[in-house]
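Structural overview for review
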Amino acid sequence: MPPNDGVSFTSSSFKIPSLSQTLASHLYRARHSAFQLIHSLRKSSNFLKAPPGPIAFGVHSLIRSSPLLCCASLSLTTQSNNLPKSPLLCSASLSLSQPSSPDSAHSGSEVPQKGQSTTAGRSDEERVLISEVLVRNKDGEEMERKDLEMEALTALKACRANSALTVREVQEDVHRIIDSGYFSSCMPVAVDTRDGIRLVFQVEPNQEFHGLVCEGANVLPMKFLEDAFRDAHGKVVNLKRLDEVINSINGWYTERGLFGLVSGVDIFSGGIIKLQVAEAEVNNISMRFLDRKTGEPTKGKTKPETILRQLTTKKGQVYSMLQGKRDVDTVSTMGLMADVSIIPQPAGDAGKVDLILNVVERPSGGFSAGGGISSGITSGPLSGLIGSFAYSHRNLFGRNQKLNISLERGQIDSIFRINYTDPWIEGDDKRTSRTIIVQNSRTPGTLVHGNQHDNSSLSIDHVTAGVEFSRPLRPKWSGTAGLFFQHAGARDEKGNPIIKDFYGSPLTASGKPYDDMLVAKFESVYTGSGDQGSSMFAFNMEQGLPIMPEWLFFNRVNARARKGAEIGPTHLLLSLSGGHVVGNFSPHEAFAIGGTNSSALVKFLSQCWGLWKELSLLIIGHDLWSGPNVPGDPAGARYKPGSGYGYGLGIRVDSPLGPLRLEYAFNDRRAKRFHFGVGHRN
């Protein structure tokens, strides 16, 4: 049989006396033998005239003739209240006392009298010459295990042959033998020989390890225990090594933030070690709203189940502080709470905890508005008016459902949007969210088509309505699917529909003032840590569905990737984006560097360091020779090269308004430009 086959793991218990009971008889013999040792040491001055032979005295006669009493003891205890401390404590001690009278000694009384401590102190420091030091088994015979005999001899520090010893030094060496971890008892015995006093340490080794029983460990991996005890099978149990194993088990719980530790240890006859593990299971989870000003409990607007379903901590599982912290972060990201905390409290049942989720609600919604007047780029009575208005409610019906209505108007562009989001559809266990969007926007069309012949501008109108669903696919991955209807066309400054630009290039795919399309959208996104500059990958695909004959039919894919790396004191950020479109597609929806039946590739490289976040920028782009495939070839009509690069320097400073960017760059044609922006670069 292989040596490890005897290691077993089971939930059953053994009804065998504990280690403390098996040591009781040894402690009594240790006390008796220690009496003999002290008596022998006290009479050492008469040994030169005494005949050789072992010293043997009855207990009562010993007490009568010796003013000192000595006790050697071993205790094995456990501590479960203090996690950082060792759960296994072992001690051996010798104590000295002086009986008040022969009668009291005879009766077993050990009440100290006046002057006793001084006499005991002097006796403790008296030295006696030891001629020989041996280690024997508990019966005084030679040990069969020479390796254990060597362990005991190695542990000795003061007790050496031909050395003068005090009682304190013998006591300390008894401690050292016990502290080696291999022995359950140690009794010093003095024997008179022809050559002098022989000091014998009678030891009892621990049992050999033949099996393990671990109770209460529900989350501790079985392999962890197997690895911890694998090399111990068939060997004498070492209490120091057992203590290290217990500390490693407690450390496993601590590293994972779990409420658990080894609460009890027993060594049974037959070499069976029993570990009792205490794991704090979650008994109940409750929620408590606190007032923002007073901190006192109050009534909340949010339905408790809306918050509690966000928690990954569930009843019946071992409570994890790390998991609790993640749950706090999850509730905080909902945007409903100004403060979130989890308070564990002891439950009525032993070994269980109740969790109280304390939350402080934010205001659920409100209005905001802003505006101004700018010198007109366009003409008309309201041409210089710019502004915005918004209403938001982040907790409709107390279910964290969000409603946003906003209107923004600029010199040329404008947008009106209604957005309703349910971040977790009720009854869905996959955390699926639903968003309904209705939007009417006007954006400049000069990015692709430029200005008209009279230097007037054109704009692109979009009316969009649709719904999309999102859910987490796996850790750090999310997916989105949606369906949108879009009605889009071009207008001049006066708001009149136009179908061609100044160069005669078409502005719609259908040749009509407006294009209609039904678009199915699919997107998958990977995010690293979520911090700006961390790894990111996104893949997006849009498919036009020609449900009606005049609706557009196309396929468009786009991918974006970002990777950051620390190189010495600097941070390097590499970004790549590319896309491809085939089918019948509106020219104004083309890639800024590509277009219909075309592809585009853009690479962005930045480097930052220092307190001011200085940046060195490099941007490279190419349309992969697809510009002529765009209807009307707007790039060719404007003599666009289809490729290029740029480089420059910039400074980014973190401010209360967000990151502020000031950049100065050149392109491959040596044109230069300043740029100021707020926020991180896309």
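Here the structure is a predicted model, which is why all the values come from computation and not from measurement.

This paragraph deals with the confidence of the model for the protein. Of all residues in the protein, 69% attain a pLDDT of 70 or more, and the chain-wide mean is 76. The model gives residues 38-119 a pLDDT under 50, and that stretch makes 150 contacts with residues more than four places away or in other chains.

As a further point, take the sheet that holds strand E4 (residues 163-165). Read from one edge to the other, the open sheet built from 4 strands follows the order E4-E3-E6-E5, with strand pairing classed as mixed. Looking at which strands have only one partner, the edges of the open sheet turn out to be E4 and strand E5 (183-193). Along the sheet, successive strands turn relative to each other by an average axial angle of 45°, direction set aside. Here strand E3 (residues 128-137) runs beside E4; their pairing, made up of 3 bridges, is antiparallel. Residue Ile130 lies in a different strand from E4, and its bridge partner there is Ser163.

Of the voids in this model, the second largest pocket is the one considered here, and its volume is about 780 Å³. What lines the second largest pocket is a set of 25 residues, and nearest its centre among them are Gln486, Lys521, Glu542, Arg556 and Glu589. Mapped by element, the contributors of at least two residues to the lining of the second largest pocket are strand E17 (414-422), strand E18 (433-444), strand E19 (459-474), strand E20 (477-491), strand E22 (514-527), strand E23 (536-544) and strand E24 (554-567). Residue composition of the lining of the second largest pocket, by class: 9 nonpolar, 8 polar and 8 charged.

A few words now on the pattern of salt bridges. Applying the stated criterion across every chain yields a total of 21 salt bridges. Among the ionic pairs, Glu132 bridges to Arg198, the shortest N-O distance being 3.0 Å. Pair noted here: Glu132 is in strand E3 and Arg198 is in strand E6 (residues 196-205), with a separation of 66 residues, a long-range link. Glu132 gets classed as partly exposed once you look at its relative accessible area, which sits at 30%. Owing to a relative accessible area of 27%, Arg198 belongs among the partly exposed residues under this scheme. Across the salt bridge formed by Glu149 and Lys146, the nearest N and O atoms sit 3.4 Å from each other. Residue Glu149 and its partner Lys146 are located together in helix H6 (residues 146-155), separated by 3 residues, close to a single helical turn. Under the relative-accessibility criterion, Glu149 is labelled buried at 14%. Linked through salt bridges whose partners overlap, the residues forming this network are Glu142, Lys146 and Glu149.

How each quantity is defined
Residues numbered from 1 in each chain as written. Predicted model: local features only at pLDDT ≥ 70, side-chain atom pairs only at ≥ 80, totals over all residues. Heavy atoms only, no water. pLDDT = per-residue confidence, 0-100. Contact = heavy atoms within 4.5 Å. Pairing = 2+ DSSP bridges. Helix = DSSP H or I, 4+ residues; strand = E, 2+ residues; numbered from the N terminus. Axes fitted to C-alpha atoms, helices over the stretch in contact; angles between N-to-C directions. 1 Å grid on protein atoms, 1.4 Å probe; cavity = no way out; pocket = protein on both sides within 12 Å on 5 of 7 lines; lining within 4 Å. Points joined across faces, edges and corners; volume = space filled by probe spheres on them. Nonpolar A, V, L, I, M, F, W, Y, C, P; charged D, E, K, R; others polar. Salt bridge = Lys/Arg side-chain N within 4 Å of Asp/Glu carboxyl O. Buried < 20%, exposed > 50% of the residue type's maximum accessible area, 1.4 Å probe, protein only.

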